[in-house]
Each structure stands twice: as C-alpha cells, then as structure tokens.
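# Survey of secondary and tertiary structure
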Protein chains: 2
Amino acid sequence: MSAPAAERPEAPGSAAAPQPRYRQLAALYEQAVATGSLQPGMRLPSVRELCQRHGVSLTTALQVLRHLEDQGCAEVRERVGYFVRVPGRVTLLPAAREPEVHEPLSPDPHVFAGINERISVFLEKARLAGPGVLDLGSAMPAPALFDAQALNRLAMRLLREQPDILVYGPSAPTTHPEFQRAMAHNALGFGLSLAPGDIGATHGNSEAVNLALDAVAAPGDVIAVESPTFFGILQAIEVRGLRALEIPCSPHTGLSLEALELAARNEPRLKAVVVVPHLQMPQGSVMPDAHKERLVALCVEYGLALIEDDIYREFVESPQPLRPAKAWDRPGDAGQVIYCASLSKSFAPGLRQGWMSAGRWHARVQMLKFARTRNMQTWSQLLAARTVDSPAYERHLRRMRTQLREQREASARAVAQYFPVGTRLSLPPGGISLWLELPAGLSSTRLYDEALARGIRVAPGPMFSNTGRYDHFLRLSCGMPFTPQVEEGYRVLGELLERQQAGGYPAGAGCLRAVA
Amino acid sequence: MSAPAAERPEAPGSAAAPQPRYRQLAALYEQAVATGSLQPGMRLPSVRELCQRHGVSLTTALQVLRHLEDQGCAEVRERVGYFVRVPGRVTLLPAAREPEVHEPLSPDPHVFAGINERISVFLEKARLAGPGVLDLGSAMPAPALFDAQALNRLAMRLLREQPDILVYGPSAPTTHPEFQRAMAHNALGFGLSLAPGDIGATHGNSEAVNLALDAVAAPGDVIAVESPTFFGILQAIEVRGLRALEIPCSPHTGLSLEALELAARNEPRLKAVVVVPHLQMPQGSVMPDAHKERLVALCVEYGLALIEDDIYREFVESPQPLRPAKAWDRPGDAGQVIYCASLSKSFAPGLRQGWMSAGRWHARVQMLKFARTRNMQTWSQLLAARTVDSPAYERHLRRMRTQLREQREASARAVAQYFPVGTRLSLPPGGISLWLELPAGLSSTRLYDEALARGIRVAPGPMFSNTGRYDHFLRLSCGMPFTPQVEEGYRVLGELLERQQAGGYPAGAGCLRAVA
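If you're wondering where the values come from, they're calculated on a predicted model, not measured in any experiment.

Calculation notes
- Residues numbered from 1 in each chain as written.
- Chains lettered and ligands numbered in written order.
- Predicted model: local features only at pLDDT ≥ 70, side-chain atom pairs only at ≥ 80, totals over all residues.
- Heavy atoms only, no water.
- Contact = heavy atoms within 4.5 Å.
- Buried area = accessible area lost by both parts, 1.4 Å probe.
- Salt bridge = Lys/Arg side-chain N within 4 Å of Asp/Glu carboxyl O.
- Polar contact = N/O pair within 3.5 Å; in protein donor to acceptor, adjacent residues only side chain to side chain.
- Helix = DSSP H or I, 4+ residues; strand = E, 2+ residues; numbered from the N terminus.
- Nonpolar A, V, L, I, M, F, W, Y, C, P; charged D, E, K, R; others polar.
- Axes fitted to C-alpha atoms, helices over the stretch in contact; angles between N-to-C directions.
- Parallel < 35°, antiparallel > 145°, perpendicular 65-115°, else oblique.
- Buried < 20%, exposed > 50% of the residue type's maximum accessible area, 1.4 Å probe, protein only.
- Expected span 1.5 Å × (residues − 1).
- Arc of directions from axis to C-beta.
- Pairing = 2+ DSSP bridges.
- Least-squares fit on C-alpha atoms with pLDDT ≥ 70 in both.
- pLDDT = per-residue confidence, 0-100.
- Phe/Tyr/Trp six-rings, centres within 6.5 Å; stacked < 30°, edge-to-face > 60°.
- Lys NZ or Arg CZ within 6 Å of the ring centre and 35° of its normal.

All right, on to the interface of chain B and chain A then. Across the boundary between the two partners, chain B contributes 59 residues, which contact 59 residues of chain A. Buried area between chain B and chain A, both sides added, is near 4900 Å², and the carbon and sulfur share of it is 61%. Among the residues of chain B in contact with chain A, B:Leu166, B:Val167 and B:Arg372 are the three that bury the most area, contributing 16% of the side total. A:Asp214 is the partner of B:Arg372 in a salt bridge, and the nearest nitrogen-oxygen pair spans 2.7 Å. The tally of links from chain B across to chain A stands at 22 residue pairs in polar contact (both at pLDDT 80 or more). Looking at the side of chain B that touches chain A, the elements that each hand over two or more residues are α4 (115-129), α5 (148-161), α7 (204-216), α8 (231-239), α11 (362-373) and α12 (378-389) of chain B. Considering every element that reaches the side of chain B that touches chain A, the biggest residue donor is α5(B), with seven residues. Counted by class, the side of chain B that touches chain A contains 31 nonpolar, 17 polar and eleven charged residues.

We now examine the packing of helix α9 (residues 257-266) of chain B against helix α10 (residues 289-302) of chain B. Geometrically, a packed helix pair is captured by the angle between its two axes and the distance between the axes. All names here are of chain B. Across the interface, α9 lies against α10 with an axial gap of 11 Å and an inter-helix angle of 0°. Considered as vectors, α9 and α10 are oriented roughly parallel to each other. Here Leu257, Glu258, Leu260, Glu261, Ala264 and Arg265 of α9 lie close against α10, whose contacting residues are His291, Arg294, Leu295, Leu298 and Tyr302.

This part covers the environment of B:Glu69. All names here are of chain B. Here Glu69 is to be found in helix α3 (residues 58-70). Judged by relative accessible area, Glu69 falls into the partly exposed class, the value being 28%. Through-space distance from the C-alpha of Glu69 to that of Tyr82 is 8.5 Å; in sequence the pair is 13 residues apart. Beyond its immediate stretch of four places on either side in the chain, Glu69 contacts Ala74, Val76, Tyr82 and Arg85.

This part covers α4(B). With 15 residues, α4(B) should cover 21 Å at 1.5 Å per step; its first-to-last C-alpha distance of 21 Å lies within 8% of that length. By the burial criterion, the buried members of α4(B) are B:Ile115, B:Asn116, B:Ile119, B:Phe122, B:Leu123 and B:Ala126. An end-on view of α4(B) places all buried positions within 130° of arc, on one side of the element. Of the exposed residues in α4(B), those oriented more than 90 degrees away from the buried face are B:Glu117 and B:Leu128. Next to the buried residues of α4(B) lie α11 (362-373) of chain A together with α8, α14 (444-453), β13 (456-457) and β14 (459-460) of chain B. Backbone geometry just downstream of α4(B) places B:Gly130 in the positive-phi region, at approximately 90°.

Here the focus is the sheet that holds strand β5 (residues 222-227) of chain A. Residue and element names in this part refer to chain A. As summarised here, the arrangement of the eight strands in space is β4-β11-β10-β9-β8-β5-β6-β7, forming an open sheet in which the pairing is mixed. At either margin of the open sheet sits one strand with a lone partner, and together these are β4 (199-203) and β7 (254-255). Here four bridges tie strand β9 (residues 305-309) to strand β10 (residues 337-342), and the two strands are oriented parallel to one another. The residue of β10 that forms the bridge with Asp309 is Cys340.

In this section: the relation of the copies chain B and chain A. Expressed as a screw operation, the relation of chain B to chain A combines 0.0 Å of axial shift with a rotation of 180°, fitting to an RMSD of 0.1 Å. The transformation relating the two chain copies, once decomposed into turn and shift, fits a two-fold axis. Considering only C-alpha atoms, the part of chain B nearest the rotation axis is B:Met156, at 3.4 Å.

Before going further, it helps to spend a moment on the confidence of the model for chain A. Note that predicted coordinates carrying low pLDDT should not be read in detail. Residue and element names in this part refer to chain A. Considering every residue of chain A, the mean pLDDT works out to 86; 87% of them sit at 70 or more. Across residues 1-16, confidence stays below pLDDT 50; counting only partners more than four residues off in sequence or on other chains, it has 17 contacts. Within the model, the stretch residues 505-516 combines pLDDT values under 50 with ten contacts to residues more than four positions away or in other chains. For this predicted complex, the interface score ipTM comes out at 0.80, while the overall pTM is 0.81.

For the rest of this paragraph, the subject is the packing of aromatic side chains. Counted according to the given criterion, the structure contains 21 aromatic pairs over all chains. Judged by centre distance (5.4 Å) and plane angle (75°), the rings of A:Tyr470 and A:Phe473 are edge-to-face. Residue A:Phe473 is classed as buried on the basis of its relative accessible area, which comes to 10%. Cluster of aromatic residues (ring-pair linked, three or more members): A:Phe230, A:Phe231, A:Trp435, A:Phe464, A:Tyr470 and A:Phe473. For A:Arg313, the ring lying beneath its charged end belongs to A:Phe190, and the centroid distance is 3.5 Å. The lysine or arginine in question, B:Arg360, covers the ring of B:Trp361, its NZ or CZ lying 5.7 Å from the ring centre.

Here it is, written out as structure tokens:
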C-alpha cells in the first residue's frame, strides 16, 4: 500500500542535516501515522501531554502540533484537540505550500474574457444530462444538512403571525429593520461592529458582489482576484466589461499580498480586489489575521475597494470565530471594505438571502440595488433574522461543521483510495469542497465530459481561472452525505482518470502506479 | 358647481358647423352628464337601445358610445356595457389626446443622467419622514387587494408537501419546469405561444428589464423610452452608462411610432426600445393592436430589440384579454421581442416573482442572470405557478379590477373636488394610478416636499423623465382602498396646490377658481 518515503517532499527521515527538536518530534509522529500505528481520526497528545512525555517546553510542543498540521498529518478539532488527519495513501500529497510565482498570474495580465462561455458550456452540458446525475460539482450543502423542520415551523408561525407577509410589498425600498438588527447583532459575535442602517439585504452574496463591482468600477477597469477563484467572480467581472487580474494564492494563507502590492503599483486602472478570506474557493485557504490587517491597509494606501466575499466563514473549524478583514476597516462612510455575506450556505439555500455592508459606497450600492432588483422579500428576511437570532442557530452550525468534516474526510479517503498516484490534496480546515491537483498531463475538462457520460458531474479546474493553468485541477463537492453511491462516484472518477493516464502516456513510459 | 360649457375643449354645443349624426347624439348624452341628469356610474343605453331609441344604425350607435368614451364621459365595463364615467367637476379636463410633438423629446437628445440622484433624493426624504406616512406615491396595490388567505393556505400545503423546499438550492441554475409550464400555459390565455424552456424566472420585472438591457446594449448605446416613463427604466439605463432617448407618447395610444421611426433612422447607436404597452406608466395608455404590430415590424426592420414591459396587462378593463406585442413576434430564437412580466402587481408583491422570454437573446440573458443573481427561489416559483394555474386566479383578477376601478373613480372624484381648476386628467382604462396635469406654473416637486411635511407621499412628475418637462405633472396611487384618511390626503394635496397657486400668482391675477 505505502509508497517509499522518499516520494514525500520534505519527508522527515530524508533530511541529513540536524533538525530542531520540534521537527524531530514531529517526524516521530509522522512516521507513526505513515506506518499505521496512529490511525486516521485518532487523538494526538495534547500540548501538555507532549511536554510531559518528551520533556519539552510548551512552545516546542505547540510547534510540533503546528508542524504536523502544516504537513497535513494533523488537524485541529474545535475545543477538543489535535487528531490524525485522513492520510489516505501516502501517495496523496499535500498541496504546494506557497504560490509558485509572486507575480500576477495572467499570461497577458488583462486576460479576462471567456469564462462565461466556458461556464455556459459546462452548465448546458449538465442540463442536457438531465436530473439523475450524481452532483459532485456543486459547492452546496445537501438539504439533509439543514434543519428544514425548524425552519418550516418558523415559516408556519410567521404566516400565522403576519398573514399578509407574502403579499405585502414594502413601499420603501429598504432592507427590513429586523433583518438589519439581526445581522448586525450576529456580526458582533465575530468581531464586526456594524451600524444596522449600513446593512443591505441582497439576493445571495452573488448579487452583493455584483453590486459592489457596479459601485466601484467602470468598464475597462481592472479588478484583482485570487487565482484560482470562484467562477462567479470572474463572470461578474466579465459581464460588465471589467478586466480580471489574477493574483497567486497560497493554498494555506490565501492571496499573495506581495503580488497584490506589485499589481497596485503597476496597474493604474486597478480599482478593487475581491477576496474570499475564509475557505477561499476553491483552494480552501484561511487568511491569517495579520494578512487581513495588512490587506486592508494596502487597500487604503492604494485607494482600492476591498470586496470581501465572506460566504464560508461559518464553515471554518476554529476555536474562536474568525474576524473578517472588515474588522480592520475604518467605520461607516470612511470604510474601504465592502463586506458581502450570505445565509445561502449556512442556513437555507432555497431562500437566496444575502446581505452586505458597503462602507463608503453604501449610498451608491443602495441606489444600484433599487434600480436593479428593488426591495427584497420581507418573508425571507424575517425567516433569516429570526433564525440567526436564536441560540439554536449556533448549535445547527456546530452540527453542520461536524457533518461536513466527516464528509470531507470520507471524500479525501476515497480520493486517496481511487485516484491516480501523485494526486495532491490538502484537507481544508472546513467547507464543502476539495481542490485536487491531478498528476501532470491529466485533463479535468476531459474528465468532465467522460464523467457526465457516466452520470457524474464534477467542477473542472478551468472553471476557476481565465489563465488556462488549472486543467489538471478539479473541485469536488463534499456537500452531500458520503453514501455508497457517492463512493461509487469517486471510484468511477478514479477509473476514468487512470484510463486517461494510460491513454495519455505510452504504456510503461515511467508512469509510476501503486497497486490498487 | 358646473363651469361654463365654453371652458371644455371641443364642447359639443360650441361648434357652429353641422356635425355628423353620432356627434349630435353624443352631445346629447354629454350634456345629460354635465347637467347631472345622468349620474356617474349610471348605465348608458346599449348599442341596441340606441338604435331603437334614436332610429340610427348599429355603426352610428357604436360611434356614439366610442365618442363618449374618447371624451372621458363613458367607460366600458367588461361584458356589461357602457357606464357614465366619473365626471368630477366639469373643470377636470381630459388629458391632451396626442403627443404635443412628434420628435424625440429630449432637449439634448442624449440627456440621460440625473434620474438616479433625483430618485435617491425623493426616496431618502420619504425614508426620513418615517413609516407613518400616507403613501399616495407608490404604484402598488394594497395588501388588502390580494387573497392572502388563499396564498397562505397554498404556502402551508407546499411546506407540508415539500418539507425541504426552503432549504433546497437547485444545483442547476435554471428556472423551475413547473413555473415555466404554468407561465407558458397562462400566456396562451392572452394569445402568446411560448416554449416553456424559453421562460426564465426573475426577481420581479425590474430584474427582467435590467437583464434585457444588459443583453442588448453596451455603454454609450441609446435606448428609446416612452416619455414620460416609469423611473425604474430610466434608472436602469443610467446605471449602465446607456443613454435614454425619450419618445413622445399619446395618453391614449402610447408611444408615437412616427417619432420612434425618426429616431431609428437618425440614431445609429439606437439599440432597443422599452415599451409598457398596457397601462403605460404613468400615462395609463393602452397601445392598440395595430400599433403593436407596426412596432414589432419597425423593430425588425431597424434591428432594434423591443423590450416589452408588460407589467400591468391584468389590470386593463377589456372584454378580451389583450395580446402583447410579443404575439406579433417571430417565434423562439428569431424573436426580436424580449417579453418581461411580473406577478408582483397581480398576485403577491411580497414574493418579487417576475419572468421573461427573451427571444434571440435567451441564452445570453440566461448567462447574465446566472452571473448576477443565480437561480430563483423554488418556493416563490411554485407558489406563483400553482396560483396562476388555478381557476381562482381569474376570479381574483376580476375582483381586483373591479376594486381598482372603484378606487380610481373615487380618487378621480376627489381630484375633481379638491384640486385647482384646470387640473387635467383622463381616467385610464385600468390600473393603480392616475396621472394628473396641474395648471401651468404649479410644481409637483414643491408639492412633494410640502406634502411630506404634512405626512403624505406623492410621486412628482420629474421622477418620470430626464427632460424636466413634467414638473407640473403628478402621479397619484389608487392602490389602496379609498378610506376617509385617503380622502383627507387628497383634500390636503388640493389645499397645498391652491396655496402654491395663490403664492405663485399675484392675487386676483386672472386665476379662475370655481367655488368649492
């Protein structure tokens, strides 16, 4: 089963030079995992236990655990401790730690066109394939993960309490005050102090990001985005004649601030940067607080709007709630950060309820919202407000995080079991999808077509960039419970990739394959 | 009470030349109305009765009734007959029959900017005035006009039947097939044959019109609009850097096709024309079928997209359902008409459920919709689909039309009673608002501020154009039941206008006033 240790980059045993104490200890545990004496999901010693067991300082003990985490060997579980991460086959390599380059990624730095056509083609193919398809392509939690019962009870209560709520069209095109108060109150819980009046309801975070772009940029302007990034952001940029400048991203810390600064200095038409700070889509990185702070400062310095798309915050496994970059922004009208959020992922995709707080662009965004889609349903605003305000919501999120973790781990195990040797993957610290790097030469576009013919939908890498760099990448959804049907889907995907690999390379031409 | 007959334009008794027989007979009935022997709401003789009574042909009898209708003396009630229209004081003059000019209205034909600022100022003032305001400004039927009970029953049933409907986020960003089928079926009922697959759900008709503009025009392009027109259309044009070309409109037949053709010949960047064919907002005109047919032909000839905003169709009082211009369009992908509709006015404002069928721009519109706001709620789509499909819906619309007619008539009576002499108004054949022309020199902008200070909101004329021509026009909503509070609102508005008039003119300077 296990491949030679030498195949692992920075494999602990392969370094001859003397190592610091924490690296030596970490190597011990890594080997225990590699040999199977520590099984996936088993608890690792706590910091205190490490101190006692190995006679090291607290700092060293913490370094050990952090290093194991960095190596993809361990993972933190909120308020519980460190556990052995899903190892899969040892041939499942962690993603590269840092951006390969520090310059903006586009070959032509203004490549921006084509994403809509590509997305439309993928969507149309999926539509034609019909409804029976196993959907491993959409980054959406399955309905089973939500508390539909509680929501329906609330809905019935609301219908009885406000019998004309479905027919009532507010005459003033403003966000419902109860929704504003509830979101402001909720935001306090993750370190964000917002005036309720600055909060505007939107149709999902998708409309929020679109309005933000409308507000800050005119056709021909340049918008910096993460690379790879959520295709919806590229679409929004393309449809309004803006140009996307793709900035490299670390799969661990997100956007390269150096590359962004370089772009800000050299691109006079750069107007804004769009960032998903928590569980960056598709890489799954979480931006460290220090980066957020520096990012905001950088945007203030260069006069860039920071469009913060904080759609996955609730899904991060973290002992404390994570603060968005907006927390480092100046308040109110001085604000440089347009904060966009949504309840579509965490509460009820079916309601399409998002919101935003647009800082200095608030009035303009409000005007644009009114011109395009007028007011929002009172109905969905009140359902969202009352849910978020209840203590049951935090419990629901905890349950959801746990279930999503199990689904991610099961998916990662399936990838390790069925996918070709050399597939790279770092388990993100939360969320609903995995971002895989396939062995060189494999095409996820080709996989898309072949998988669809077998009744499986995936999200191929080229959906996430205009650079053409990600054809050997693949996003897989872990939104649905890991049923035998889903596992079968992974098996088929692995089979298709191995066939592709076999076809793509002359037989026996040095293509290393572990025995399945 | 009654002013001298000579004040009426084309007053029947004032013409010395011999008149055709139908005019003579019509004059008879007009005088009977003027003298009060025929009271508002009384039934007029039928065509057959006129023949018998006056020994005239069917054609002449019909001409009599049509002429009375044209003069604002009579009105048709669906399947019942002709009735005496609200006469008010005889000083309430009908609106001018034809556009004053046949050339595009903008002083600079590319005036297009400023509407958003103006709208925002009005909205902000209304917001600051707080929630206790009597809203005579919004063209929205009051919640009382809808069947909230039936809708809530349907909602509860849907929640029981599909318990995860609120949490279910469709993976494919398409419109729900049940919604598509229901809307296509409903459209058949008014003479429109659409493929269900060509129907896309939108956030109200506002998003539909916005998507249509996105699809057909790029910044700098010119869009022809009616003048005056709904401010939302001007906003949508302005926010995307398009230029509005205002085309004159008859208050009776709508858009001047001659002026549109002139514009099409002379303006190379003209890309589309936006038309509200039924109950044009704010004038209330209904475009005759022959005009619709010619309009479509004209758009085909000049390669213009026809964006048909058919939001008030259900509110027209007409013996047969009215066919939209889209009925004269070529089918499917060849189609030059982008048809936009909404259930916000007729069914449930609170759901914000609109739809569109975009002809040759269908794929592009679908892509743009996905990029901006993704899919629509299944919830509101199914509520709309099931309501429209039920026979109760037609009954609801009939009730609504009757109630709205009563409200319009009561409002018109109040205008006649309280507003200054010389106020002009033609009762539209349906709908939720009146468009008043105030005597020269009066300002509806000033009225807006003064009325708001007295707790009443109105929609001043300058909201409906960029030309600055409509400051002595005013839109008043008839969406809410005509309560004593509403009547008091009209009284206060009349008082404010009379004060304005008194202040605006030197005392006794020929300002004719009837005794109230």
